[in-house]
Amino acid sequence: MSILPQTATLAGAEAAASSPGVRYLLHDGELVDYDDARLHVLSTTLKYGVGVFEGFRAYWSEEDQQLYAFRVEDHMKRLVESMRVVEIEGPQDTAVLSEQLLGLIRANDLRGNLHMRAQVFVDSSDGKPDDTGPAAVFMAAIPMGNYFGATGLHVQISSWARLSDRSMPPRIKSIANYQNGRLALLEARRNGYDAALLLTENGHVAEGAGYNVFMVRKGRLCTPPVTESILEGVTRDSVLHLARTELGLDVEIRAIDRTELYSADEVFVCGSAAEVNHVASVDRTPIGDGTAGEVTGRLQDLYRQAVVGRVAADQQWATPVYPA
């Protein structure tokens, strides 16, 4: 499995000038020119939405002159779990997948904040909905700053319900699942909001359109359990660990009602792309004074330190990309 830049062609390098500062992507462990990373229009994935993916972050430390990839192995483990749940016959070795992603970053010589993706598609010819293979694995590493473009989100509770485990598996990153959040986000944007939160069919708070949610109410940090149709978020897990070990908080994992958000002291969302971002209002109801509260602010700071190995170093979350 080659991850050496020599596998790219000169013509491809010239064509890649139109890409966002990236020359190569990875296809089944081989570098390909940015514009050549393609699937056939009749593949099972494009016909039926059969595919899974992971989103990762990497952060440049000016002080260390080093790029740190955050929780790569944990993301790859969830990718393998996602393949198992939706029955895709793809690669299982998380160590190999992790090294391939890091090799892709090195091949592009990227030295700034990044968002990475590992995507597994069912690439069968003129595919059928029950095809489980062959699997194609594409990886990308793209420069990325603030996902929302702002801090302090104005959020709408969507009229769309979060999909349930009885219909599709919400706890994994299945491509098809994201139509649910996409509809909620489009509705929110039409109505003048920055982001959306979805409720379960039972009316409990589930998650946002691609991010988990926390609140501080009556002095308690709370978040919905994984049985409330949420993604089992890696960032969510990081925040829970930081809250417990660094802040000494006893986090309450329980069902949350919509109206609890209206009377919360603090609300924030978190995800690999979203990071930790405070919510300024829900359905035009202000949360606190609209700024990040004390708990949210401390968790934002801890998270920023954790992604470059300054905090929770014993967890080995931050992997240096380049040799020392």
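Relevant structure appears above.
Residues numbered from 1 in each chain as written. Predicted model: local features only at pLDDT ≥ 70, side-chain atom pairs only at ≥ 80, totals over all residues. Heavy atoms only, no water.

Asker: It is not clear to me how helix H8 (residues 294–306) should be interpreted in this structure. Could you clarify?
Answerer: Along an α-helix, residues three or four apart share an orientation, since each turn contains 3.6 residues. With 13 residues, H8 should cover 18 Å at 1.5 Å per step; its first-to-last C-alpha distance of 18 Å lies within 8% of that length. Inspection of H8 places Val 295, Thr 296, Leu 299, Gln 300, Leu 302, Tyr 303 and Ala 306 among the buried residues, and these make up the whole buried set. (Helix = DSSP H or I, 4+ residues; strand = E, 2+ residues; numbered from the N terminus. Expected span 1.5 Å × (residues − 1). Buried < 20%, exposed > 50% of the residue type's maximum accessible area, 1.4 Å probe, protein only.)

Asker: Mind showing me how you'd approach a nonpolar patch on the surface here?
Answerer: On the surface, a nonpolar cluster with roughly 280 Å² of combined accessible area is contributed by Val 41, Leu 42 and Leu 46. Looking at the element boundaries, Val 41 is found in the loop between strand S2 (30–33) and helix H2 (44–48). Overall, Val 41 belongs to the exposed group, its relative accessible area being 61%. (Patch = residues over 30% accessible without salt bridge, like charges linked within 9 Å, V, L, I, M, F, W, Y side chains within 5 Å. Areas by Shrake-Rupley, 256 points an atom, 1.4 Å probe, with all protein chains shown as cover. Salt bridge = Lys/Arg side-chain N within 4 Å of Asp/Glu carboxyl O.)

Asker: Honestly, the environment of Asp 301 in this entry has me stumped. Any pointers?
Answerer: On the secondary structure map, Asp 301 appears in helix H8. Owing to a relative accessible area of 38%, Asp 301 belongs among the partly exposed residues under this scheme. It is 19 Å that separates the C-alpha atoms of Asp 301 and Cys 222, two residues lying 79 residues apart in sequence. Within the local environment of Asp 301, its side chain forms a polar contact with the side chain of Gln 305, the two groups lying 2.8 Å apart. (Polar contact = N/O pair within 3.5 Å; in protein donor to acceptor, adjacent residues only side chain to side chain.)

Asker: Hey, could you run me through the side chain of Asn 180 in this one?
Answerer: Among the structural elements, Asn 180 can be located in helix H5 (residues 178–190). Only 3.0 Å separates the side chain of Asn 180 from the backbone oxygen of Ala 161, close enough to count as a polar contact. When near neighbours in sequence (up to four residues on either side) are disregarded, Asn 180 contacts Ala 161, Arg 162, Leu 163 and Leu 198. (Contact = heavy atoms within 4.5 Å.)

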